[in-house]
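# Fold and geometry: a report
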Amino acid sequence: MSSADFEAIRQLAYKSTGIVLPARKKHMVYSRLSRRLRQLGETSFADYVQRLQRDETELPVFINALTTNLTYFFREGHHFEYLKDKITQQWLSRPNKRLRVWSAACSTGEEPYSIAMTLAHPFATNEWDLKILATDLDTNVLNTAKRGIYSDEKLSSIPSEYANKYAKRQGEHDFTLSPLIRQLVHFKQLNLLDAWPMKGPFDVIFCRNVFIYFDHETKKRIIARFRQLLADDGYLIVGHSETLMQLSDEFVFEGQTIYRPKL
Ligand SMILES: C[S@@+](CC[C@H](N)C(=O)[O-])C[C@H]1O[C@@H](n2cnc3c(N)ncnc32)[C@H](O)[C@@H]1O
C-alpha cells in the first residue's frame, strides 16, 4: 500500500464516516482491506481505490471493513447501575409514561440489549411505552445484532440476575435473549454524519466508544445535534475515555462520563 493509496483511503473513510485514520493505523487498514482485495481478486491497492471511485456498491463493504466493533454486554457496568438506580427511580414518579433510549453506535447489539435487560423491569409493561432505538453505520454488525444470537463466552458478562431471567439456550454453544427483551430494541442503519430521521425527544442517549474515532469538529457537531434530540431532563452517556469538555457548553457533568443538559 503506497502512501498515495493510504492517503486516498484515509480521505474516503473520513468523508464517508468521520473516522480519522492516523498514519499509525496504516498496518491495521492494510490487514483489514487485504482480505477484501483477495475476495475481489484485486492485486493492488491502487486498483482497489479506483474501484471505490467507480463502483458505489463497494463503499459499504469498505466501511464495514474499516469500523472497529469491539463491544460486550454490560460494558462499563457503572452506566447500567446508574440507569437502574438513579434514572429509573426518577422515571417512576413521572406522569408521562413514554420512554425513549437511543444506543447511537450499537455495534453487534450487546449495548442496547443490556439497556433492555436493565429497564425491562419495571418498564416492559402495558403501562409504559418503552422503546430502545439502536443504530450503527456498519450493516454487518447490525445483521448480527438483529439475529441476537451470541456465543456462550459472552454470557459471563451478563449479571446472573438478568442471565437467569432473559438468556435462552440456542443450540449447543449459543444463547439468545427472550422475546420480552428483543421486542424492546429496534435496529436501524444510521451514519451519525448524515441527517437523522428521528424527532426525539430521547430520555437517554448512549454514544459510547465511537467519539474516540472522530476529530474535534465532528464530535462538536454531533454533540450539538444530540442536545437537540435530548429531553431537557435527559442524559447523554459517553465512553470512559471520552469527554464533552471543550466540545460543548450545553451540558453539565454528572460524573462517570454521564452528562445532563444545562438549563
Ligand atoms: C467500538 S464500537 C462501540 C460499541 C458500543 N457503543 C460500546 O461501547 O460497546 C464503535 C461503533 O461505532 C460505529 N461507528 C463508527 N463510525 C460511525 C458513524 N459515522 N456513524 C454511526 N456509527 C459509527 C462502528 O461501526 C462501531 O460499531
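Residues numbered from 1 in each chain as written. Predicted model: local features only at pLDDT ≥ 70, side-chain atom pairs only at ≥ 80, totals over all residues. Heavy atoms only, no water.

If you check an unreviewed UniProt entry, the protein chain appears there as protein-glutamate O-methyltransferase from Shewanella maritima. Recorded in UniProt for the protein chain, the comment headed Catalytic activity (unreviewed entry) runs: "L-glutamyl-[protein] + S-adenosyl-L-methionine = [protein]-L-glutamate 5-O-methyl ester + S-adenosyl-L-homocysteine". (UniProt positions renumbered as here; feature names shortened; annotations may be inferred.)

## Here's the deal with the sheet that holds strand β5 (residues 174–177)
Spatial strand order, β3-β5-β4: three strands in an open sheet with antiparallel pairing. The open sheet has two edge strands with one neighbour each: β3 (149–151) and β4 (167–170). Ignoring strand direction, the axes of neighbouring strands in this sheet form an average angle of 40 degrees. Pairing geometry for β3 and β5, over three bridges, is antiparallel. Bridge pairing in β5 places S151 opposite D174. (Pairing = 2+ DSSP bridges. Helix = DSSP H or I, 4+ residues; strand = E, 2+ residues; numbered from the N terminus. Axes fitted to C-alpha atoms, helices over the stretch in contact; angles between N-to-C directions.)

## What about the UniProt feature "domain: CheR-type methyltransferase" (unreviewed entry) in the protein chain?
Mapped onto this numbering, the UniProt entry annotates "domain: CheR-type methyltransferase" (unreviewed entry) at residues 1–263. Taken end to end, residues 1–263 is 43% helix and 21% strand, and its two terminal C-alpha atoms sit 51 Å from one another.

## A look at the site of the ligand
Surrounding the ligand, one finds 22 residues, the nearest of these being T17, T71, A105, D136 and N209. Note that a nitrogen atom of the ligand is positioned 2.9 Å from one of the backbone N or O atoms of L192. Between the ligand and the protein, one listed contact pairs a nitrogen atom with a backbone N or O atom of R208 at 2.9 Å. Coverage of the ligand by the protein amounts to 99% of the 600 Å² it exposes when considered alone. Grouping the constituent residues of the shell around the ligand by class yields nine nonpolar, eight polar and five charged. (Near = heavy atom within 4 Å. Polar contact = N/O pair within 3.5 Å; in protein donor to acceptor, adjacent residues only side chain to side chain. Areas by Shrake-Rupley, 256 points an atom, 1.4 Å probe, with all protein chains shown as cover. Nonpolar A, V, L, I, M, F, W, Y, C, P; charged D, E, K, R; others polar.)

## Description of the domain arrangement of the protein chain
For the protein chain, the domain assignment lists domain 1 (3–66) and domain 2 (77–261). Computed over C-alpha atoms only, the centres of domain 1 and domain 2 are separated by 30 Å. Listed as interface residues are 10 residues of domain 1 and, on the opposing side, 10 residues of domain 2. The contact between domain 1 and domain 2 buries some 830 Å² in all, and 50% of this surface belongs to carbon and sulfur atoms. Linking domain 1 with domain 2 are zero salt bridges. Linking domain 1 to domain 2 there are four residue pairs in polar contact (both at pLDDT 80 or more). Mapped onto the side of domain 1 that touches domain 2, the elements with two or more residues apiece are α1 (3–17) and α4 (58–66). Of the residues forming the side of domain 1 that touches domain 2, the biggest block, four residues, is contributed by α1. When the residues that make up the side of domain 1 that touches domain 2 are grouped by side-chain class, the tally is four nonpolar, four polar and two charged. (Domains from an automatic or database assignment. Contact = heavy atoms within 4.5 Å. Buried area = accessible area lost by both parts, 1.4 Å probe. Salt bridge = Lys/Arg side-chain N within 4 Å of Asp/Glu carboxyl O.)

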